[in-house]
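These are the residues of each chain, in order.
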Amino acid sequence: MSVIEIGEAQSFPSVLNVRRGPELRRYVPERTCRIVSASEAGRTGYAPACSSCGWQSAAWHQYDYCPHCGAKVEE
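Here we summarise the structure given alongside this text. These numbers were taken from a predicted model, which means no experiment stands behind them. (Residues numbered from 1 in each chain as written. Predicted model: local features only at pLDDT ≥ 70, side-chain atom pairs only at ≥ 80, totals over all residues. Heavy atoms only, no water.)

Pairing between the strands of a sheet is mediated by backbone hydrogen bonds and can be parallel or antiparallel. Read from one edge to the other, the open sheet built from three strands follows the order β4-β3-β5, with strand pairing classed as mixed. Whereas interior strands pair on both sides, the edge strands pair on one side only; in this sheet they are β4 (49-50) and β5 (72-74). (Pairing = 2+ DSSP bridges. Helix = DSSP H or I, 4+ residues; strand = E, 2+ residues; numbered from the N terminus.)

Here we take up the pairing of strand β3 (residues 32-36). In the sheet, β3 pairs with β5 via three bridges, with the strands oriented parallel. When the sheet's bridge partners are listed, Cys-33 is paired in β5 with Val-73. With two bridges joining them, β3 and β4 adopt antiparallel strand pairing. Each residue of the ladder has a partner; that of Val-36, found in β4, is Ala-49.

Its location among the elements puts Glu-40 in the loop between β3 and β4. Among the residues examined, Glu-40 registers a relative accessible area of 57% and is labelled exposed. C-alpha of Glu-40 to C-alpha of Cys-50: the two residues are 10 residues apart in sequence and 9.6 Å apart in space. (Buried < 20%, exposed > 50% of the residue type's maximum accessible area, 1.4 Å probe, protein only.)

The next thing to look at is the side chain of Ser-57. Looking at the element boundaries, Ser-57 is found in the loop between β4 and β5. For Ser-57, a relative accessible area of 9% corresponds to the buried category. Among the polar contacts made by the side chain of Ser-57, one reaches the main-chain amide nitrogen of Ala-59 at a distance of 3.0 Å. Those residues in contact with Ser-57 that sit more than four places away from it in its chain are Ala-47, Pro-48 and Tyr-63. (Polar contact = N/O pair within 3.5 Å; in protein donor to acceptor, adjacent residues only side chain to side chain. Contact = heavy atoms within 4.5 Å.)

This part takes up the pattern of salt bridges. For the structure on display, the rule yields one salt bridge. The salt bridge partner of Glu-23 is Arg-25, with a shortest N-O separation of 2.7 Å. For Glu-23, a relative accessible area of 39% translates into the label partly exposed. In this structure Arg-25 comes out as partly exposed when scored by relative accessible area, which is 35%. (Salt bridge = Lys/Arg side-chain N within 4 Å of Asp/Glu carboxyl O.)

Shape is all these values report; function is a separate question.
See below:
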């Protein structure tokens, strides 16, 4: 595991290792996103986009998770 210096760009870890007494537990945090306008996501076009990765789709109503980044879509 690497040490992150203050001021360095940070990304959310895919797995969290937490020591609780003598045992080490692994947690996988659920990433979430919301549907935003294309301009809010920094994209061009008219289709709504994922706030996490910017993937655009006109049919967000059929997805519970973003097909591109896997984040759970919040209402």
